[in-house]
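Below are the chains, spelled out letter by letter.
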Amino acid sequence: MRNNRAMVAAPHRIAVLALDDVVGLDLGTPAQVFGTARTPAGVRLYTIEVCTPGGRPVRSTAGYQVLPDHGLELLETADTVIVPGVHGDALTPDRLLAAGVADALRAAYDRGARIMSICTGAFALAAAGLLDGRRATTHWAYADRFRARYPDVDLDPDVLFVADDRVLTSAGVAAGIDLCLHVVRTDHGSEVANRAARRCVVPPWRDGGQAQFIERPVPRVADASTAGAREWARQRLHEPVSLRDLADQARMSVRTFTRRFRSETGLSPAQWLLQQRTDHARLLLETTDLSVDQVARRSGFTTAASLRQHLHHRVGVSPSTYRRAFRGSPESTGSARH
């Protein structure tokens, strides 16, 4: 867990490294997500700047050139370095690591910076040796090429993002948004991340372990949606909610509802409900002084032990440790109860 409250006084510095044939959406994602992460008073928590090798213009896949304000020297002082995806011939090692890119990335990591990639940006991290022996992900369509080129990387192409200590990788396209929101949530908690997600008009949380949406059929427009049932359940997380209850809210049979729910969310109703309850518990731990027992009840867990089990499975820590990470120790807050 990271909780860098010092970022409020000195914004966390993010360097986005654009390489030739950079993917336009990947390039814009960090600025959009991190740029909307602010304190309740509206203070920016991150600064985002773009650099390229030599500070020269690079092509994008969106039909325009990127005119950066910085060269690789920006990586020397950045707290986080993000490499967006690239396409085509730019994926070859000699193109990825031209003009000192590998040395700059390794130096940033050795200095203690957080290193991230979006989509095929993972190829650059792997070519620089930063993913050897680590678990990582990239766009599922490039998985075979990645494995053949970098066999020392533990590639998992079936997830949205992977956080392996200070090196984080994401799958393709929208998964970069999920990774950036995960980082905001880790740095500053659920309230800040949720506000940023609302500003970006995207879901505030998709678990990194959720499967990438690979060739999944899109429901027909005429089909009824499960969105109403999901919203109904969100308002009743503290109550028992059965699959039959959800199906009745959507006016569907259980079988039809389950199939349509998975097609819309990528999760089973039970998995989704557990995710919502865990996320609500995290929000309560971050923003209230409720005891762990009270948080468990208000989130729909039958016992504090059940909450501890599921929270540990999701984020790897107990409720009390999670609360301390975002709110300080009980002694410093004077009111937190565990």
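Before reading further, recall that the structure is shown in the block above.
So, a few notes on the structure that sits alongside this text. (Residues numbered from 1 in each chain as written. Predicted model: local features only at pLDDT ≥ 70, side-chain atom pairs only at ≥ 80, totals over all residues. Heavy atoms only, no water.)

Remarks on helix α6 (residues 175-188)
Spanning 14 residues, α6 covers 20 Å between terminal C-alpha atoms, matching the ideal 20 Å at 1.5 Å per step. Counted residue by residue, α6 has 14 buried out of 14 residues, so it is predominantly covered. One or two steps after α6, the chain reaches Gly 189, where phi turns positive at roughly 95°. (Helix = DSSP H or I, 4+ residues; strand = E, 2+ residues; numbered from the N terminus. Expected span 1.5 Å × (residues − 1). Buried < 20%, exposed > 50% of the residue type's maximum accessible area, 1.4 Å probe, protein only.)

With respect to the pairing of strand β5 (residues 80-83)
Along β5, one buried face is formed by Thr 80 and Ile 82 and the opposite face, lined by Val 81 and Val 83, is buried too. The pairing of strand β1 (residues 12-17) with β5 spans 3 bridges and is parallel. Bridging from a neighbouring strand, Val 16 pairs with Ile 82 of β5. Bridge count for β5 against strand β6 (residues 114-117) is 4 bridges, and the pairing is parallel. Residue Val 81 lies in a different strand from β6, and its bridge partner there is Ile 115. (Pairing = 2+ DSSP bridges.)

Things to note about helix α9 (residues 243-250)
Among all positions of α9, only Leu 246, Ala 247 and Ala 250 are buried. Buried residues of α9, viewed axially, fall in a sector of 95°; they line one side. Looking one or two residues past α9, Arg 251 carries a phi angle of roughly 55°, positive in sign. (Arc of directions from axis to C-beta.)

Section: the environment of Asp 20
Its location among the elements puts Asp 20 in the loop between β1 and α1 (24-35). Taking C-alpha positions, Asp 20 is 7.8 Å from Arg 95, a pair spaced 75 residues apart along the chain. For Asp 20, the contacting residues outside a window of four places in its chain are Arg 56, Val 58, Arg 59, Val 86, Ala 90 and Arg 95. At 3.4 Å, the side chain of Asp 20 and the side chain of Arg 56 are in polar contact. (Contact = heavy atoms within 4.5 Å. Polar contact = N/O pair within 3.5 Å; in protein donor to acceptor, adjacent residues only side chain to side chain.)

Points about the sheet that holds β1
Taken together, the 6 strands give an open sheet; going across it, the order is β2-β1-β5-β6-β10-β9, and neighbouring strands pair in mixed fashion. The sheet terminates laterally at β2 (46-51) and β9 (161-164), the two strands that pair on one side only. Direction aside, the axes of adjacent strands within the sheet are offset by 15° on average. In the sheet, β9 pairs with strand β10 (residues 167-170) via 4 bridges, with the strands oriented antiparallel. Note on β10: the bridge partner recorded for Val 162 is Thr 169. Lying on the sheet, α1 is in contact with β1, β2, β5 and β6; it crosses β2 at an angle near 165°. Packed onto the sheet, α6 meets β2, β6, β9 and β10 and runs at close to 145° relative to β10. (Axes fitted to C-alpha atoms, helices over the stretch in contact; angles between N-to-C directions.)

Details of the pattern of salt bridges
Under the defined criterion, the tally for this structure stands at 13 salt bridges. Across the pair Asp 156 and Arg 135 runs a salt bridge whose closest N-O atoms are separated by 2.9 Å. Residue Asp 156 is located in the loop between β8 (154-155) and β9, and its partner Arg 135 is located in strand β7 (residues 135-136); the two are separated by 21 residues in the primary sequence. Taking relative accessible area as the criterion, Arg 135 reaches 35% and is therefore assigned partly exposed. Note that Arg 282 and Asp 279 form a salt bridge whose closest N and O atoms lie 3.9 Å from each other. With a gap of 3 residues between them, Arg 282 and Asp 279 both fall in helix α11 (residues 269-287), about one helical turn apart. (Salt bridge = Lys/Arg side-chain N within 4 Å of Asp/Glu carboxyl O.)

Looking at the environment of Arg 166
Along the chain, Arg 166 turns up in the loop between β9 and β10. Residue Arg 166 is classed as partly exposed on the basis of its relative accessible area of 22%. In sequence terms Arg 166 and Gly 112 are 54 residues apart; their C-alpha atoms lie 8.1 Å from each other. Excluding residues that lie within four positions of it along the chain, Arg 166 makes contacts with Tyr 109, Gly 112, Ala 113, Arg 114 and Ile 115. A distance of 3.0 Å separates the side chain of Arg 166 from the backbone oxygen of Tyr 109, its partner in a polar contact. In this structure the side chain of Arg 166 is engaged in a polar contact, spanning 2.8 Å, whose partner is the backbone oxygen of Ala 113.

Observations concerning the nonpolar core
By size, the foremost hydrophobic cluster in this structure holds 39 residues, and its most contacted members are Leu 17, Leu 105, Leu 131 and Phe 146. At the level of elements, β1, β5, α3 (101-111), α4 (121-127) and α5 (143-149) are the ones that each hand at least two residues to this core. With residues up to four places along the chain from it excluded, the contact list for Leu 131 reads Ala 122, Leu 125, Ala 126, Ala 136, Phe 146, Asp 152, Val 153, Val 167 and Thr 169. Counting 32 residues, the second largest nonpolar core, distinct from the first, contains Ile 14, Leu 45, Cys 119 and Val 192. (Core = buried A, V, L, I, M, F, W, Y, C linked by side-chain atoms within 4.5 Å.)

With respect to the environment of Gln 275
Tracing the backbone shows Gln 275 in helix α11. C-alpha separation for the pair Gln 275 and Arg 314, spaced 39 residues apart in sequence, amounts to 8.8 Å.

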